[in-house]
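Observations on chain architecture
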Amino acid sequence: MHRRLAIFTHKIFINTNPIPTTTATGTTFLYTQSNPLNPRTNGLAFFRLLSFTPVHRRAPDPDDPSNLMKEDGVSVCSQMWIENFREPDRILSNLTAYLRRFELWVLAYQKVCADDMGAYMPRSAIQRSALEDLLALKNAVLDNRFKWGARLDFFIKSPKDKTDYQSLSKRKIKAILTTTQPAAFQDKIVQEVLFMILEPIYEARFSQKSFAFRPGRNAHTVLKVIRRNFAGYLWYMRGDLSTVLDGMKVGLVISALMRDVRDKKVIDLIKTALTTPVITSRVEEPKKKTKRKYQKKRVLAEDEPKPDPYWLDTFFGFAPEEAEKVPSWGHCGILSPLLANICLDELDRWMEGKIKEFYRPSKSDVIWNSPEGEAEQGNTSWPEFVPTSGPDKTRKMDYVRHGGHILIGMRGPRADAATLRKQLIDFVDQKYMLKLDNENLPIEHITKGIMFLDHVLCRRVVYPTLRYTATGGKIISEKGVGTLLSVTASLKQCIKQFRKLNFLKGDRDPDPQPCFRMFHATQAHTNAQMNKFLSTMVEWYRYADNRKKIVNFCSYIIRGSLAKLYAAKYKLRSRAKVYKIGSRNLSRPLKEKKGSSPDYHNLLRMGLAESIDGLQYTRMSHVPETDYTPFPSNWIPDHEKALLEYIRLDDPKTLEDQRFTMREQGLVSPQDYISMLVWNYKRNAISMDQLSLIKSAGNKAEREQRLLSGSDRDSYDQRSKEEEEHEEEFDVAQI
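Under an unreviewed UniProt entry, the name given to the protein is Domain X domain-containing protein, and the organism recorded is Populus tomentosa.

Structure, rendered in structure tokens:
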């Protein structure tokens, strides 16, 4: 036994034979290269061999769908945005490659789960069974086996859907197949994937004149653009094309889509979603509600999202007419607003052409005599100031669209506005098959007040003193005439919205009504809800000239409504008693007995009372001022600005241009400056001030010579001068 072990170890010491080992990738060979003259190394190799155990790595499961995710879905979407903004005019014919990316499907699953369950699901929390179902859905879409609006056969279901459809009774199955049902979970995922693919394509192509259903743009953006670009316009046209949002012919939608997208798979998916009928049940008349003495409180399920709070639900009731309608076409779901913008983009492009044709500058209007009519309007103190004096005026026009509502402003004769209206009616009839007449496109003068997004556009005539220097240096002061565009919130529309929400009654003398929906809530909770509502109203009227007045009126209505509610709840009979006990802003607690309040501060200090926040903006001085921040003429959202900046910096030509500019102007980059400092310090053993060298150098050649070379002769002369000065100082000290 000992002899065999000695022979075995001797063979190991002299031979370098490969030892087969098994790994996850197959069989490899371990070579032991030993020196027979070094017993220490040989012994170590021997013990390593005896203690060696083959490592069995777990091979990746080829059937695991998580192995198909090569990168994060957000990075894939970011790359799509960058590519489309880099080349916004190309025709896209291979979008199926993005449909095959499993990362987009997982990201769509996360977004739909967040909307459906009210909580975001991280990728690590997605179960393998859900990934397998998601992969089956993706393959079904690619193989043309997916059907929109399925009611019983699903490739994937919502995590909170526990229904066993195979064990349902015939009555329940019939009810599912014949009544209105929400969109299936798998339909939402396919819609989300298509939306992620198509949105960056068309966002890079859309006109800057459209603002609805687009990221980074909202109603506030429209108001700022109107204040910035519509000053000085006399004639306005408001058009209502919201019937387009109700639905369009499939052929028109597909033809508009195929201007930029030629992928058959994507086009067929959207066409099928538009043509597949949506099953809806008949709308039955609501039954009369019977009063109950006691109504049980509804308890939400664990995975059921909470409903909107009262303040948010109330604020949604204030949505202006232009923002109320959201398109929903067939089974397209969230794709519908994007498709509506794609169809209406042709109108935006047509209007942009008309704006360029209509523009005719005048020499008397120095503000608008640039070649493109994009010069800064007015002076620095009044950006909206536009002079109206003089017979010859600049002809100019502008246009904005928010959803299906358009606003056109014109400066010129009314006959030109009538001609444009006729052309617009013909264009809409030919392109969208929508019949409009003069009543749908009224031409209104600015003096009548133009209503748009619950704000009234009007003008104020001002007479500023114009001072200028004439020939000879004489300063002349003259009284000028001009107009300021005023964007004011409509008080009449605000009263109408409050009346619709049952907060008041009457038009001329509105009387607040108690909001009985908050009857069972505590005083602290009710005040907090109304404060949030008032804060959103303050933000909504941020750009209105009468912001203080309109917000103070909203606060008066809310305060009166709460006072009547508390008077009924605590049996105080009148609002005056409520204000007497609870103070003007209702911040003190109200007590039912005797109408007197306890020592609130003592109870609050002991933790026996709930902190009550008083109502905000009870006085007009508390309301913030109107936001008059200047708005740039060629404004784009921040995300587009970042994309364009990234594309510009990523281009090698940009770097070459910057280097060429630096060489021409004799500039020095921070990196070159630091490298020259280090080089001169190493070469001359002293730290040299490069900026002083640059300023002292005569020409460019001498500057580069002194910067880059840092000659020894200059450093030697400098050191010799320092030594001579030091010797002279030493001699003077000795004397």
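With that settled, the discussion passes to the overall build of the protein. The number of helices and strands found in the protein is 26 helices and 14 strands. Taken over 735 residues, the protein has a buried fraction of 41%. In the protein, 71% of the contacts between residues at least 6 apart in sequence involve partners at least 24 apart.

Before going further, it helps to examine the confidence of the model for the protein. Chain-level statistics for the protein give a pLDDT mean of 79 and a share of 74% at 70 or above. When the elements of the protein are averaged for pLDDT, strand β2 (residues 26-31) gives the smallest value, 39, and helix α8 (residues 185-203) the largest, 95. Counting contacts from residues 371-384, a segment whose pLDDT is below 50, to residues more than four positions away or on other chains yields 29 contacts. Confidence drops under pLDDT 50 across residues 729-735; counting only partners more than four residues distant or on other chains, this segment forms 0 contacts.

It is worth spelling out the nonpolar core at this point. Within the largest apolar cluster, 149 residues are counted, with the highest numbers of intra-cluster contacts made by Trp105, Tyr109, Ile189, Leu198, Ile408 and Phe498. Excluding residues within four positions of it along the chain, Ile408 makes contact with Phe230, Trp235, Tyr236, Met237, Met351, Met397, Asp398, Tyr399, Leu420 and Leu424. Counting 6 residues, the second largest nonpolar core, distinct from the first, contains Trp81, Ile82, Phe85 and Leu643.

Overall, the coordinates contain 17 aromatic pairs when judged by the stated rule. Aromatic pair Tyr566 and Tyr570: ring centres 6.2 Å apart, planes at 50°, arrangement tilted. Tyr566 gets classed as buried once you look at its relative accessible area, which sits at 0%. Ring plane angle 35° and centroid distance 5.5 Å describe the contact between Phe631 and Trp635, whose orientation is recorded as tilted. We classify Phe631 as buried; its relative accessible area is 11%.

This paragraph deals with the pairing of strand β12 (residues 482-489). A large share of β12 lies buried, amounting to 8 of its 8 residues. Taking every second residue as pointing to the same face, both faces of β12 are buried, with Gly482, Leu484, Ser486 and Thr488 on one and Thr483, Leu485, Val487 and Ala489 on the other. When strand β9 (residues 455-462) meets β12, the two strands line up antiparallel, connected through 8 bridges. Along β12, the bridge assignment pairs Val456 with Thr488.

So, about helix α6 (residues 128-142). Along its 15 residues, α6 runs 21 Å from first to last C-alpha, staying within 8% of the 21 Å computed at 1.5 Å per residue. Those residues of α6 that sit buried are Ala130, Leu131, Leu134, Leu135, Leu137, Lys138, Ala140, Val141 and Leu142. In this structure, the buried side of α6 is in contact with α4 (96-99), α5 (102-117), α8 and α12 (264-275). Of the residues one or two after α6, Asn144 is the one with positive phi, at around 65°.

So, about the environment of Ile176. Tracing the sequence through the fold places Ile176 in helix α7 (residues 170-178). With 103 residues separating them along the chain, Ile176 and Ile279 place their C-alpha atoms 9.9 Å apart. Leave out the neighbours within four places in its chain, and Ile176 touches Arg151, Leu152, Tyr165, Leu168 and Gln181.

All right, on to the sheet that holds strand β3 (residues 235-240) then. Taken in spatial order, the 4 strands line up as β5-β6-β3-β7 in an open sheet, and their pairing is antiparallel. Each edge of the open sheet is held by one strand with a lone partner, namely β5 (396-402) and β7 (443-445). Shown here is a sheet whose adjacent strand axes are inclined to one another by a mean of 20°, direction ignored. In the sheet, β3 pairs with β7 via 3 bridges, with the strands oriented antiparallel.

Here we take up a nonpolar patch on the surface. A cluster of nonpolar residues, Val461, Tyr463 and Val481, forms a patch on the protein surface that exposes about 270 Å² of accessible area. Examined against the element boundaries, Val461 turns out to sit in strand β9. The exposure class of Val461 is partly exposed, given its relative accessible area of 42%.

Cut-offs used in this document
- Residues numbered from 1 in each chain as written.
- Predicted model: local features only at pLDDT ≥ 70, side-chain atom pairs only at ≥ 80, totals over all residues.
- Heavy atoms only, no water.
- Helix = DSSP H or I, 4+ residues; strand = E, 2+ residues; numbered from the N terminus.
- Buried < 20%, exposed > 50% of the residue type's maximum accessible area, 1.4 Å probe, protein only.
- Contact = heavy atoms within 4.5 Å.
- pLDDT = per-residue confidence, 0-100.
- Core = buried A, V, L, I, M, F, W, Y, C linked by side-chain atoms within 4.5 Å.
- Phe/Tyr/Trp six-rings, centres within 6.5 Å; stacked < 30°, edge-to-face > 60°.
- Pairing = 2+ DSSP bridges.
- Expected span 1.5 Å × (residues − 1).
- Axes fitted to C-alpha atoms, helices over the stretch in contact; angles between N-to-C directions.
- Patch = residues over 30% accessible without salt bridge, like charges linked within 9 Å, V, L, I, M, F, W, Y side chains within 5 Å.
- Areas by Shrake-Rupley, 256 points an atom, 1.4 Å probe, with all protein chains shown as cover.
- Salt bridge = Lys/Arg side-chain N within 4 Å of Asp/Glu carboxyl O.

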